[in-house]
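Analysis of the macromolecular model
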Number of protein chains: 2
Amino acid sequence: MSEVHAARRSRLRARCASAGGTALVVSRPANVRYLAGAAPSGAVLLVGHGGEDVLLCLRDPAADADGPPVGADDGLRVTALDGAGAGDGDPARAAVDLARKAGAESVAVEEHHLTVARHRALTAAAPGVRFTDLGCAVEHQRLVKDEDEIAALRVAAEITDRALGELLESILVGRTERHLALELERRLIDHGADGPAFPTSVATGSHSGLAGHRPTDRRVEEGDFLTVRLGARFRGYRCQIGRTFVIGASPADWQIELYELVFSAQRAAREALAPGTECRAVDAAARGVLEAAGHAQSLGPVTGRGVGLEIGEDPRLSPAAMGKLGACVPVTVEPGVHLPGRGGVRIDDTLVVRSPADGGPELLTITTKELLAL
Amino acid sequence: MSEVHAARRSRLRARCASAGGTALVVSRPANVRYLAGAAPSGAVLLVGHGGEDVLLCLRDPAADADGPPVGADDGLRVTALDGAGAGDGDPARAAVDLARKAGAESVAVEEHHLTVARHRALTAAAPGVRFTDLGCAVEHQRLVKDEDEIAALRVAAEITDRALGELLESILVGRTERHLALELERRLIDHGADGPAFPTSVATGSHSGLAGHRPTDRRVEEGDFLTVRLGARFRGYRCQIGRTFVIGASPADWQIELYELVFSAQRAAREALAPGTECRAVDAAARGVLEAAGHAQSLGPVTGRGVGLEIGEDPRLSPAAMGKLGACVPVTVEPGVHLPGRGGVRIDDTLVVRSPADGGPELLTITTKELLAL
């Protein structure tokens, strides 16, 4: 793994190279992780213009290690700011100092991450340095996953499917959304996840189908639609699954009809995934099905999003999206419909875009999408 | 409660008033919550210069409500950005637009929250408006808690003490740090917490005593020091407790000695809490005890921090802190010592600063600090 991180930093350096020598200061946590491996909270990575890379931590990471500190095995220098005295220091400022001493003419920072106040403190402390914007260069590089990253996502998906499957075998009626969410998160960890990929959502009855629903004390009742959205985090990689069930012996007609509609929309989007396809075309595939049935408003701004070290990475599968999909890009396809006061349906999968020659999109989240009555 | 939020906004408006009329755009989530009540993720609050306040949400909050939307009962207007088409919109931009239309000459924003990129987009879209920095005006106002806030903290502390107490009655040997942390968080919710106040830390054996330790799969063994740090979140208010135990029949001499040292340091800091006392004096009380025993480096940059809607609010009890304590300011006192390779001790309490006439500091986290062998 160590050569992987060094190779990623080299590639980034090459893509951002300029005539005078630009050092890069990476501060967004997922980007630091991608380029340096798991790092302590608040760590900042300097990708030096001449190839000397340094990870600057707030505290000494070796103090909390069962093994060698992050980076030690791939030539990445790891340093900590001073102890108690300089505890208020900003590792980004130390990074700029190092870059300046190494002769960098300019420093590129992540203006979509640093606050105005933090950025101002950096520039004030380094008046001779030209500051530029790194933009989303690291996010762009993270778009296409290598086979180890996809392998981690596969494990995350297996853990997620198992946790969900176990829950479906238990009694649900009478339990609260909050307890079911907790139970799911416990099972994710039991089956090997670092933790949940995002806060687990469990929504029953008139809450079902809501996109960002936070679990409440509402109890599951017979006849309810129950929507569940969860995901495991494994080696930092995050997947997502969403499923909708009916509680009790048999679904009502309106429930069957709504479920089939969302299923069709989700299938249309899944089947549209291919290298070279426009992101907005995937969104349009789902959106068109829902619009034809009068449910355009329900869908929300996106049909799906990229996953990796973060949930909700690039690409965005939305009407305004400008890019195209590529092979080995993992995405969610997560449409849904919510009828206020009644409930609704959400069906989310995580898939890896692959060419037709390679079998088409690889479905990671394999829990059945048949409407189950539990 | 509704009058409370309106009153807070009025007080903020008065403190930030300027001759020409400055509108305030509040974006930090805890600050939005303090001024408007629980709001959807990403919501931005406009505190208008003329008294017209508006909460701008990404999506329609009424779609996810079991009751009236936040703010409806105290005259706070709540609006959502358009649905699918404007899904990429920034509520802060909508806030600036409204302020401009209402005749504000300048807009104060939270430069310690907005990213450089986001701030640039705001200023570019409103070229005739003068942008200033609100700074930490809301955080400053949040420092002294009213009796309802302290009551919420008391409940959070009771929940936390109960969850910890129950765990201590169960078998610990052989269980992993991760499972114990999960168990504690489940019990917090069982006893009425919204959720944990922060990620629960459980550290055993050579991990014990580390300040920011994330639970691993290490199992608790006889003879271990076991340090636990957790807290409940209740109505948004967060408390913190930390305790250290010895696993097995009787502690070793070095464990007793280290525990008594940290206990003395923590007690010295607790006893230094009083209205008018300098924050750095409280830190010095703990730091002095540890320095005399040769453990200065272990303490870290702070002895304690404020709590409320956030863990780690102002004030900071650190050597460089410039302010003084006031009555009704809740803080943690959380010193510790970690001996690399051996383990260590942390003892954390949450207390409310009160004058001697009112009984001195009010201890919220009442689980015993006697060294227990479990």
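Shown above is the structure to which this text applies.
Residues numbered from 1 in each chain as written. Chains lettered and ligands numbered in written order. Predicted model: local features only at pLDDT ≥ 70, side-chain atom pairs only at ≥ 80, totals over all residues. Heavy atoms only, no water.

Details of the interface of chain A and chain B
Basically, it comes down to this: The criterion used for residue contact is that any of the two residues' heavy atoms lie within 4.5 Å. Put simply, buried area is the surface a 1.4 Å probe can reach on two separate parts but cannot reach once they are joined, added for both. A carboxyl oxygen of Asp or Glu within 4 Å of a side-chain nitrogen of Lys or Arg is what we treat as a salt bridge. For the purposes of these results, a polar contact is taken to be a pair of N or O atoms within 3.5 Å, where, inside protein, one atom must be able to donate a hydrogen and its partner to accept one; residues adjacent in sequence count only when each atom of the pair is a side-chain atom.
With 42 residues of chain A in contact, the opposing surface of chain B contributes 42 residues. A buried area of about 3300 Å², summed over both sides, lies between chain A and chain B, and 49% of it is on carbon and sulfur atoms. Broken down residue by residue, the surface that chain A buries against chain B is led by Val 116, Leu 182 and Arg 186 of chain A, which jointly contribute 16%. Between chain A and chain B we count 6 salt bridges in total. Two residues, Glu 111 of chain B and Arg 120 of chain A, come together in a salt bridge whose shortest N-O distance is 2.6 Å. Remark: the boundary between chain A and chain B carries 14 residue pairs in polar contact (both at pLDDT 80 or more).

Structural notes on the packing of aromatic side chains
One pair of aromatic rings is described through two measures. These are the centre distance and the angle between the planes. Spelled out, the test is: We call Phe, Tyr and Trp rings a pair once their centres come within 6.5 Å, taking the six-membered ring for Trp, and we label the pair stacked below 30 degrees between planes, edge-to-face above 60, and tilted otherwise. The way it works is that DSSP assigns letters per residue, a run of H or I at least four long becomes a helix, a run of E at least two long becomes a strand, and they are numbered from the N terminus. Consider the ring centre and the ring normal. A charge sits over the ring if Lys NZ or Arg CZ is within 6 Å of that centre and within 35 degrees of that normal.
Overall, the coordinates contain 2 aromatic pairs over all chains when judged by the stated rule. Between Phe 225 of chain B and Trp 254 of chain B, the aromatic rings sit 5.5 Å apart at their centres with planes inclined by 80°, giving edge-to-face as the arrangement. Separated by 29 residues along the polypeptide, Phe 225 of chain B in strand 9 (residues 225-230) and Trp 254 of chain B in helix 8 (residues 253-272) bring together distant segments of the chain. When the ring centre of Trp 254 of chain A is taken as reference, the NZ or CZ atom of Arg 342 of chain A above it lies at 4.1 Å.

Overview of empty space enclosed by the protein
Operational definition: Using a grid of 1 Å spacing that covers the protein atoms alone, one calls a set of points a cavity when a 1.4 Å probe fits there but cannot get out, and a pocket when the set is open and has protein on both sides within 12 Å along at least five of seven lines; lining residues are those with an atom within 4 Å of a point. Grid points are joined across faces, edges and corners, and a volume is the space filled by probe spheres set on the points. Ten residue types, Ala, Val, Leu, Ile, Met, Phe, Trp, Tyr, Cys and Pro, are classed as nonpolar, four, Asp, Glu, Lys and Arg, as charged, and the remainder, Gly among them, as polar.
Per the stated rule, a full pass over the model turns up 2 cavities of 30 Å³ or more. Lining the largest cavity are Ser 201, Ala 203, Leu 210, Ala 211, His 213, Thr 227, Val 228, Arg 229, Gly 242, Arg 346 and Asp 348 of chain B. Secondary-structure elements contributing two or more residues to the lining of the largest cavity are strand 8 (201-204) and strand 9 of chain B. The leading source of residues in the lining of the largest cavity is strand 9 of chain B, at 3 residues. Looking at side-chain class alone, the lining of the largest cavity contains 4 nonpolar, 4 polar and 3 charged residues. In this structure, the second largest cavity spans a volume of roughly 60 Å³. Lining the second largest cavity are Ser 201, Leu 210, Ala 211, Thr 227, Val 228, Arg 229, Gly 242, Arg 346 and Asp 348 of chain A. Here the lining of the second largest cavity gets 3 residues from one element, more than from any other, and that element is strand 9 (residues 225-230) of chain A.

Describing the nonpolar core
Applied cut-off: Remark: nonpolar core denotes a set of buried residues (Ala, Val, Leu, Ile, Met, Phe, Trp, Tyr, Cys) joined through side-chain atoms within 4.5 Å. Accessibility here uses a 1.4 Å probe with only protein chains present; expressed as a share of the type maximum, an area under 20% marks a residue as buried, one over 50% as exposed, and anything in between as partly exposed. For the purposes of this description, domain bounds are those given by an automatic or database domain assignment.
One finds Leu 12, Val 26, Leu 45, Leu 55, Leu 134, Leu 164 and Leu 226 of chain B to be the most contacted residues of the largest nonpolar core, which totals 52 residues. Considering each element in turn, this core owes the most residues, 10 residues, to helix 6 (residues 147-168) of chain B. Two domains each put at least three residues into this core: domain 1 (2-141) and domain 2 (147-363) of chain B. With residues near it in sequence (within four places) discarded, Leu 45 of chain B still touches Arg 9, Leu 24, Val 25, Val 26, Val 32, Leu 35, Ala 36, Val 54, Leu 55 and Leu 76 of chain B. Among the nonpolar cores identified, the runner-up in size contains 51 residues, and Cys 57, Leu 153, Ile 241 and Val 352 of chain A belong to it.

Observations concerning the pattern of salt bridges
Per the counting criterion, the structure on display carries 56 salt bridges over all chains. One salt bridge connects Arg 243 of chain A with Asp 349 of chain A, and the closest N-O pair in it is separated by 2.8 Å. Separated by 106 residues along the polypeptide, Arg 243 of chain A in strand 12 (residues 241-246) and Asp 349 of chain A in strand 18 (residues 349-352) bring together distant segments of the chain. Of the residues examined, Asp 349 of chain A reaches a relative accessible area of 0% and is grouped as buried. With a shortest N-O distance of 2.9 Å, Lys 145 of chain B and Glu 313 of chain B are connected by a salt bridge. Here Glu 313 of chain B lies in strand 14 (residues 311-317) and Lys 145 of chain B lies in the loop between helix 5 (137-141) and helix 6, a separation of 168 residues in the sequence. Linked through salt bridges whose partners overlap, the residues forming this network are Arg 28, Glu 139, Arg 142, Lys 145, Glu 310 and Glu 313 of chain A.

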